[in-house]
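# Examining the three-dimensional arrangement
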Amino acid sequence: MKGNYNIFYTPEKQYPGMPHGEMCGDFMPFYKDGVFYLFYLYKFCVYAVETRDFVSFGEPYLVLQNGSPDDQDWHIGTGSVFERDGVFYFHYTGFCEGNAGIEGKNQQVIMRAISRDMKTWEKDPSFFFRPDTRFYGNLHWRDPHVFWNEELQKVCMLITAEEKDGAYLRRGCTAVYVTEDMNNWEHYKTLYAPRTFITHECHDCFKMGKHWYLSFSNYSRWWETRYRIADQFDGPWQVPSADDMFDGREYYAAKSVTDGKKRYMIGWQSIRQDCKDSGRHVWGGNLLVHEFLVREDGTLGVKLPETIENAFSVSLPLHPESRQGSQTICNEGVCVEAEDGFGWSQMAPLPETCLFDAVISWENGTEAAGIMIHTDPDLQKWCQLRLEFHHGKIVMDRYNRVDGDQSYQDERPITFRKNTARIKLVVSGNIMLAYVDDVALAARCYEIGTGDIGIFVEYGKIVCRNADVRIQTQS
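Reading the values: rules and limits
- Residues numbered from 1 in each chain as written.
- Predicted model: local features only at pLDDT ≥ 70, side-chain atom pairs only at ≥ 80, totals over all residues.
- Heavy atoms only, no water.
- Helix = DSSP H or I, 4+ residues; strand = E, 2+ residues; numbered from the N terminus.
- Rg over C-alpha atoms; globule rule 2.2 N^0.38 Å.
- Contact = heavy atoms within 4.5 Å.
- Lys, Arg positive; Asp, Glu negative; His and termini not counted.
- Charge placed at Lys NZ, Arg CZ, Asp CG, Glu CD.
- Pairing = 2+ DSSP bridges.
- Axes fitted to C-alpha atoms, helices over the stretch in contact; angles between N-to-C directions.
- Phe/Tyr/Trp six-rings, centres within 6.5 Å; stacked < 30°, edge-to-face > 60°.
- Buried < 20%, exposed > 50% of the residue type's maximum accessible area, 1.4 Å probe, protein only.
- Disulfide = S-S within 2.5 Å.
- Salt bridge = Lys/Arg side-chain N within 4 Å of Asp/Glu carboxyl O.
- Polar contact = N/O pair within 3.5 Å; in protein donor to acceptor, adjacent residues only side chain to side chain.

Attention now moves to the overall build of the protein. From N to C terminus, the protein includes 1 helix and 32 strands. Computed over the C-alpha atoms, the radius of gyration of the protein is 23 Å, within 12% of the 23 Å expected from 2.2 N^0.38 for a compact globule of 475 residues. Excluding contacts between residues fewer than 6 apart, the proportion of contacts in the protein whose partners are at least 24 apart in sequence is 57%. Considering the protein, the positive charge centre built from 50 side chains and the negative charge centre built from 67 side chains are found 3 Å apart.

Moving on, we get to the sheet that holds strand S8 (residues 122-123). Pairing in this open sheet of 4 strands is antiparallel, and the strands run S5-S6-S7-S8 from one edge to the other. Every other strand in the sheet has two partners, leaving strand S5 (75-84) and S8 as the edge strands with one partner each. Bridge analysis of S5 against strand S6 (residues 87-95) gives 8 bridges, and the strand direction is antiparallel. Following the sheet pairing, Gly 77 is matched in S6 by Thr 93.

Locating Asp 405 in the fold gives a position in the loop between strand S27 (393-398) and strand S28 (410-413). Residues Asp 405 and Ser 278, spaced 127 residues apart in sequence, show a C-alpha to C-alpha distance of 8.6 Å.

The 4 strands are arranged S9-S10-S11-S12 in an open sheet whose pairing can be described as antiparallel. Strands at the two margins of the open sheet, each flanked by one partner only, are strand S9 (142-149) and strand S12 (185-192). Mean inter-strand twist for the sheet, computed between neighbouring axes without regard to direction, equals 30 degrees. Judged from the 6 bridges that link them, S9 and strand S10 (residues 154-162) form a sheet pairing that is antiparallel. Counterpart to Asn 149 in the pairing with S10 is Lys 154.

Okay, the packing of aromatic side chains next. Per the stated rule, a full pass over the model turns up 37 aromatic pairs. Ring geometry for Phe 342 versus Phe 456: centroids 5.9 Å apart, planes at 35 degrees, classification tilted. With Phe 342 in strand S23 (residues 333-350) and Phe 456 in strand S32 (residues 451-472), the pair connects residues that are 114 residues apart, well separated along the chain. Overall, Phe 456 belongs to the buried group, its relative accessible area being 0%. Among the aromatic residues, those joined into a ring-pair cluster are Tyr 9, Phe 27, Tyr 40, Tyr 42, Tyr 47 and Phe 57.

For the structure on display, the rule yields 0 disulfides. Here Cys 45 is not cross-linked by a disulfide; its sulfur's nearest cysteine counterpart is in Cys 24, at 13 Å. Just so you know, Cys 202 is unpaired, no disulfide at all, and the nearest cysteine sulfur is the one on Cys 24, 13 Å from it.

Of note, the amide linkage connecting Gly 235 to Pro 236 takes the cis form, showing an omega dihedral of 5 degrees. Position of Pro 236 relative to the elements: it lies in the loop between strand S15 (224-230) and strand S16 (251-258). Notably, Gln 153 is not glycine yet its phi reads approximately 55 degrees, a positive angle. Relative to the helices and strands, Gln 153 resides in the loop between S9 and S10. Residue classification places Gln 153 among the partly exposed positions, given a relative accessible area of 48%.

The next subject is the pattern of salt bridges. One pass over the structure, following the stated rule, counts 30 salt bridges. Two residues, Arg 142 and Asp 143, come together in a salt bridge whose shortest N-O distance is 4.0 Å. A single burial state applies to Arg 142 and to Asp 143, both of which are buried. Of the charged contacts, one joins Asp 277 and Arg 398 as a salt bridge, the two residues approaching to 3.7 Å between their closest N and O atoms. Placement of the pair is Asp 277 in the loop between strand S17 (263-272) and strand S18 (281-294) and Arg 398 in strand S27, with a sequence separation of 121 residues. Under the relative-accessibility criterion, Asp 277 is labelled buried at 2%. Among the residues examined, Arg 398 registers a relative accessible area of 7% and is labelled buried. A single network of salt bridges, built from pairs that share partners, joins Arg 386, Glu 388, Lys 393, Glu 411 and Glu 458.

Another aspect to go through is the pairing of strand S26 (residues 383-388). Burial of S26 is extensive: 6 of the 6 residues sit out of reach of the surface. Here strand S25 (residues 368-375) pairs with S26 via 6 bridges, running antiparallel. Following the sheet pairing, Ala 368 is matched in S26 by Glu 388.

Inspection of the secondary structure assignment puts Glu 458 in strand S32. Sequence-wise, Glu 458 and Val 334 are 124 residues apart; in three dimensions their C-alpha atoms are separated by 15 Å. Apart from the residues within four sequence positions on either side, Glu 458 is in contact with Ala 338, Gly 341, Phe 342, Thr 366, Glu 367, Ala 368, Gln 384 and Arg 386. A distance of 2.7 Å separates polar atoms of two side chains, one belonging to Glu 458 and the other to Arg 386.

So, about the pairing of S9. Residues in a regular strand project their side chains so that they alternate between the two faces of the sheet. Among the 8 residues in S9, 7 count as buried, and that is most of the element. Where S9 folds back on S10, the antiparallel hairpin that results is connected by 4 residues, among which Gln 153 adopts a positive phi of roughly 55 degrees.

A few words now on the side chain of Thr 299. Here Thr 299 shows up in the loop between S18 and strand S19 (300-303). Assessed through its relative accessible area of 10%, Thr 299 is described here as buried. Separated by 2.7 Å, the side chains of Thr 299 and Asp 297 make a polar contact. Thr 299 has contacts with Tyr 227, Ile 229, Pro 240, Leu 293 and Val 294, leaving out every residue within four places of it along the chain.

Rendered as structure tokens:
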């Protein structure tokens, strides 16, 4: 279907030098009667696409048209959809940069539209929620997230705001307002103000099991989506001790949605300028969906949604071939050993869109191991998913990070257990999405093309079991 490019949705194919405004971002998910409605920002407007499984998508359609340069919603920003008594309320941000410095006007205002069928939306000119300067600054006032709070028994709105005073670029905070009638919103409290970030964008707040979770995105250092944990909505909100992110540095503006059984995190994977590995990351990208897991300690892990995994149903043959180090085939699987450095085995051709699934075990003392991606026999070009056991992290690296102004590595912290890890790797065009147990890491590699897949070890010995390369059923 239109827009469903290689499993990770985007309304347009990527191409070198594509204009900034043609990418989509800031997905605002809503679930109703078996359908996930994914509202998103696109060309300064709001569009939507529908899916039941995050694999097949309908035709995208316009939801809200932006205004003229003189209108408050010259550029439309992130918001949320909330249903009450058969009416759907879409609260969103109205941006008008031209209002900067003009008395009585604001650059950011919360606005809304109303619908009764989720298809036709009408802007409500009577709703105009300016920055509440009694408690907050006059600039950051956006990304309204409206939800029913079971604990408070109230409809709540989270708002991206800033404290009135404090250190420069550290005033970001989360404001909460409540309402009885969807029209009059009263200040409840400042929910979270750590004096750490510029802003807390694209909030979400939900309860799973015993704990409340508050998620937000910020751009203080790089694109990132983080979360906090509390025993009750009013806090205190704690930073997870080991890891407070759901993915790497390119996963942004993620918000959650539930179908009543499972909860998913819906965000976007950033692109690089001009679609080059050396380009800086820019706003917008492809849809990327994680399914939540709650660990025993209450922290959140993620997994590949079953619907996406099940879409890859056709297994391809594997032909393990030793390239460096030593390789043996046994009942356990494929063993690769290189006590003095790097060794690897080539496993199979890697289709443009596929899922690789395997279990890797390693001997004590092994430095690193993982997956070689898009390789050729001589490793002139490659990507590499590294499991660095001594450092407690997973890393996505590639061949062209040498000589000069090198770009950073994408990496995540992880706790390895019992010298074994389950790896699921979805490769789709230039996107590589890896799950190592319940930790995700997505990255891109533009300048490589297709190649083979293999396994590697550094200073040690590994066994690769149950390896499988699968593609989607051809329609």
